[in-house]
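# A structural walkthrough
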Amino acid sequence: MSLKAGIVGLPNVGKSTLFNAITKKNILAANYPFATIDPNVGVVTVPDSRLTFLEELYVPKNTVPTSFEFTDIAGLVKGASKGEGLGNKFLSHIREVDAIVEVIRCFEDENIIHVSGKVDPIEDIEIINVELILSDLEIIENRLSKIEKKAQTTKDKETIAEYEVLKKCQDSLTKNIPLRQIEFTEDEKLLIKNFNFITAKPIIYVANVNEEDAVLGKNKYTEEVRNFASKENAGVIVMCAKLESELAELEEQDKEAFLKELGIAHSGLDKLIFATYSLLGLETFFTVGKDECRAWTFKKGTNAKKAAGLIHSDIERGFIKAEIMKYNDLEELKDEKKVQEAGKLYLEGKDYIMQDGDIVYFRFNV
């Protein structure tokens, strides 16, 4: 299941430094705009202590954690929707992601140039939001110009429905309201799905601070970002990208010791990975055995038959039943046989809604 989160922001806010930390890749992180010209993609492992337990219990030949992609996208500038900077190239890349991680500069450093000449996180957010809104509006207006006459002169229900939902989107964006803040019916969601509107994507704001403020967990700028984000029910993660990049170079034991010394409970990266995973409405089920223990990503609300298809289309096609243990039961009893004897091995049909932490064996026949 390929899911992507795109890291965006103005130039020199710490995007590439953050990306370096996430993927432990040494991409160019230069002190000038457009250091990152093509999107850099890195696969991120989702930390999960449950998989560690399963690995210790089964001692498999192979262990595969769940993961998704973070894409570092070139710095946006004012006027991007009109072709300024990398313009449409930036915007086309951002359309391809499932969620947006917007990095906001919340630190002062005279040695690092700010594209606007001053640190003002809300202005930065608004610059990006306006460009994304203008980009979506352009697509809407182009489409409306093609279907407006047909919608008004025929009784074609599909064209009329598309016209009405696009007008609804246009009205929202004209009022500077991103589409993620608008309620759509399931039918409306289907009608606009293929447009891949940027402002409809869920968003997390990363407030990039210096090391001292990362320990405190806030500063005057981060509070401004929190107040702004609360109005659109968006999440905010406060972290120091530079510190996270340094932590990424350490072994796990050394990293934990360093964080403890700083008085930080969890790294900003772990918080961001979990928050992004949650933002996309993702959960995890497991398949286990002597050959492999593996974590699988699925969308909340996925039924057992669809989940089987994540492993292989043949398993979905020939689905019979799903044998399911709950992770907590296996952790407590520490043996599959004891789980079964306790009456906690469940046989479920195709319509069973998968739960986070399910350990599954799919029965199928093709």
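Residues numbered from 1 in each chain as written. Predicted model: local features only at pLDDT ≥ 70, side-chain atom pairs only at ≥ 80, totals over all residues. Heavy atoms only, no water.

Among all positions of helix H12 (residues 304-311), only Ala304, Ala307 and Ala308 are buried. Down the axis of H12, the sector holding all buried residues measures 105 degrees, keeping them to one side. Structurally, H12 contributes buried residues whose contacts are with strand S8 (282-287), helix H13 (313-317), strand S10 (319-326) and strand S12 (358-364). (Buried < 20%, exposed > 50% of the residue type's maximum accessible area, 1.4 Å probe, protein only. Helix = DSSP H or I, 4+ residues; strand = E, 2+ residues; numbered from the N terminus. Arc of directions from axis to C-beta. Contact = heavy atoms within 4.5 Å.)

Between helix H4 (residues 121-153) and helix H8 (residues 220-230), the shortest axis-to-axis distance is 9 Å and the interhelical angle comes to 40 degrees. In terms of orientation, H4 lies oblique with respect to H8. Facing Pro121, Ile122, Ile125, Glu126 and Asn129 of H4, the residues of H8 in contact are Tyr221, Glu224, Val225 and Phe228. Within the contact of H4 with H8, the residues separate by chemical class into six nonpolar, one polar and two charged. (Axes fitted to C-alpha atoms, helices over the stretch in contact; angles between N-to-C directions. Parallel < 35°, antiparallel > 145°, perpendicular 65-115°, else oblique. Nonpolar A, V, L, I, M, F, W, Y, C, P; charged D, E, K, R; others polar.)

Pairing in this open sheet of six strands is mixed, and the strands run S2-S4-S1-S5-S6-S7 from one edge to the other. Because the sheet does not close on itself, it has two edges, and the strands there are strand S2 (40-45) and strand S7 (235-239). For this sheet the average axis-to-axis angle between neighbouring strands, irrespective of direction, equals 25 degrees. For strand S1 (residues 4-8) and strand S5 (residues 99-105), the ladder comprises four bridges, and the chain directions are parallel. Each bridged residue has a counterpart across the sheet, and for Gly6 the counterpart in S5 is Ile100. Contacts from helix H1 (residues 15-23) reach S1, S2, strand S4 (67-72), S5, strand S6 (203-208) and S7 within the one sheet, and its direction differs from that of S4 by about 155 degrees. Sheet contacts for H4: S5 and S6; angle to S5, the most-contacted strand, approximately 145 degrees. (Pairing = 2+ DSSP bridges.)

Looking now at unusual backbone geometry. The backbone of Asn12 shows a phi angle near 65 degrees, a positive value even though the residue is not glycine. Looking at the secondary structure, you find Asn12 in the loop between S1 and H1.

Core analysis: the biggest nonpolar cluster contains 59 residues, and Leu18, Phe70, Tyr205 and Leu272 have the highest contact counts within it. Residue contacts for Leu18: discarding those within four places in its chain leaves Ile7, Val103, Val206, Met239, Ala241, Leu269 and Leu272. Membership of the second largest hydrophobic core comes to 16 residues, among which are Ile147, Leu166, Leu173 and Leu179. (Core = buried A, V, L, I, M, F, W, Y, C linked by side-chain atoms within 4.5 Å.)

What follows covers the packing of aromatic side chains. For the structure shown, the criterion picks out eight aromatic pairs. Summarising the aromatic geometry, the rings of Phe195 and Phe197 are spaced 5.3 Å apart at their centres and angled 5 degrees between planes, so their arrangement reads as stacked. Overall, Phe197 belongs to the buried group, its relative accessible area being 3%. Note on Phe285 and Phe298: the rings are 5.8 Å apart at their centroids and 40 degrees apart in plane angle, and the pair reads as tilted. Of the two residues, Phe285 is situated in strand S8 and Phe298 in strand S9 (residues 292-299); the sequence distance between them amounts to 13 residues. You can call Phe285 buried: its relative accessible area is 0%. Three or more aromatic residues link up through ring pairs in this structure, and these residues are Phe285, Trp296, Phe298, Phe319 and Phe362. (Phe/Tyr/Trp six-rings, centres within 6.5 Å; stacked < 30°, edge-to-face > 60°.)

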